Amino acid sequence: ELKVEQNPLFLSMQEGKNYTIYCNYSTTSDRLYWYRQDPGKSLESLFVLLSNGAVKQEGRLMASLDTKARLSTLHITAAVHDLSATYFCAGIDTGTASKLTFGTGTRLQVTL
Amino acid sequence: DTAVSQTPKYLVTQMGNDKSIKCEQNLGHDTMYWYKQDSKKFLKIMFSYNNKELIINETVPNRFSPKSPDKAHLNLHINSLELGDSAVYFCASSLAGVNEQFFGPGTRLTVL
């Protein structure tokens, strides 16, 4: 059964700084997803990573996937306060088609 | 236009009551899901339906019964509510099961 771990669980960073959130998963995953959740809100899809070496960027966020290392990263460049949210990675267990397994989430707080 | 909608948004009820949450999607997707997010923000899949057929049924008490009248709707009925059922329940949908999942706004259930 797929297990997904994220670290750190909580990240406080200053505006303008760079940082990376790590997502490790235990078995082969067909694809890897990143979601953002604001307090009291729903989950917003950020990235879908489909294959080894995939890299996607949107604004100050960049996600990558290394299937050999079973690792995905979400890199934040020059953080701004608006990026404060909880970020989840999630994988789909090969052969289970639609079962999305979420990581524990990383609560990001960007301070002025 | 709302893509995935849920009603109600908030639900406060007494232990032992029976309640239902409704979900509808207008994205033309064929797969729908129910997730539970606990107080620590951990997200776990409960059920998934593909074209009205149950395809994922995680270890969930049988007090929880999903029903999909058609592929655009997935409802969740909960019998004999317990304190531990208090959580946010998210509905989601996707196309063909393995693609990106889109989440509804969530229903915050509080059992007193």
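K.L.:
For this particular structure, what's the right way to read the environment of A:D38?
P.N.:
Residues and elements named next belong to chain A. With respect to the secondary-structure elements, D38 resides in the loop between β4 (29-37) and β5 (43-49). Excluding residues that lie within four positions of it along the chain, D38 makes contacts with S84 and A85. A distance of 2.9 Å separates the side chain of D38 from the side chain of R36, its partner in a polar contact.

K.L.:
Explanation requested: the sheet that holds strand β1 (residues 4-7) of chain A in the structure shown.
P.N.:
Within a beta sheet, neighbouring strands are joined by backbone hydrogen bonds and run either parallel or antiparallel to one another. Residue and element names in this part refer to chain A. The strand order across the open sheet formed by 5 strands is β1-β3-β8-β7-β6, and the pairing between neighbours is antiparallel. Strands at the two margins of the open sheet, each flanked by one partner only, are β1 and β6 (55-58). Pairwise comparison of adjacent strand axes, ignoring direction, gives a mean angle of 15° for this sheet. With 6 bridges connecting them, strand β7 (residues 61-66) and strand β8 (residues 71-76) associate as antiparallel partners. Bridge pairing links S64 to T73 in β8.

K.L.:
Explain the interface of chain B and chain A here, please?
P.N.:
How big an interface is tends to be expressed through the accessible area that disappears when the partners come together. Chain B puts 21 residues into the contact, and the matching count from chain A is 18 residues. With both chains or domains summed, chain B and chain A bury close to 1,600 Å², and 55% of this area falls on carbon and sulfur atoms. Our count for the chain B to chain A interface comes out at 1 salt bridge. Residue B:E58 pairs with A:K99 through a salt bridge whose shortest N-O separation is 3.2 Å. Elements with a minimum of two residues in the side of chain B that touches chain A: β4 (31-37), β5 (43-50) and β6 (53-57) of chain B.

K.L.:
For this particular structure, what's the right way to read the packing of aromatic side chains?
P.N.:
The geometry of an aromatic ring pair is captured by the separation of the ring centres together with the interplanar angle, meaning the angle of the planes. All told, the structure shown has 10 aromatic pairs over all chains when counted by the stated rule. Ring plane angle 80° and centroid distance 5.4 Å describe the contact between A:Y35 and B:F103, whose orientation is recorded as edge-to-face. With A:Y35 in strand β4 and B:F103 in strand β10 (residues 102-103), the pair connects residues from two separate chains. When its relative accessible area of 0% is taken as the criterion, A:Y35 is described as buried. Owing to a relative accessible area of 9%, B:F103 belongs among the buried residues under this scheme. With a centroid separation of 6.3 Å and an interplanar angle of 35°, the aromatic rings of B:F64 and B:Y89 are classed as tilted. Highlighted residues: B:F64 in strand β7 (residues 64-70) and B:Y89 in strand β9 (residues 87-94), separated in sequence by 25 residues. Look at B:Y89 and you get buried, because its relative accessible area is 0%.

Parameters and conventions
Residues numbered from 1 in each chain as written. Chains lettered and ligands numbered in written order. Predicted model: local features only at pLDDT ≥ 70, side-chain atom pairs only at ≥ 80, totals over all residues. Heavy atoms only, no water. Helix = DSSP H or I, 4+ residues; strand = E, 2+ residues; numbered from the N terminus. Contact = heavy atoms within 4.5 Å. Polar contact = N/O pair within 3.5 Å; in protein donor to acceptor, adjacent residues only side chain to side chain. Pairing = 2+ DSSP bridges. Axes fitted to C-alpha atoms, helices over the stretch in contact; angles between N-to-C directions. Buried area = accessible area lost by both parts, 1.4 Å probe. Salt bridge = Lys/Arg side-chain N within 4 Å of Asp/Glu carboxyl O. Phe/Tyr/Trp six-rings, centres within 6.5 Å; stacked < 30°, edge-to-face > 60°. Buried < 20%, exposed > 50% of the residue type's maximum accessible area, 1.4 Å probe, protein only.

By themselves, these observations are geometric and do not establish any function.
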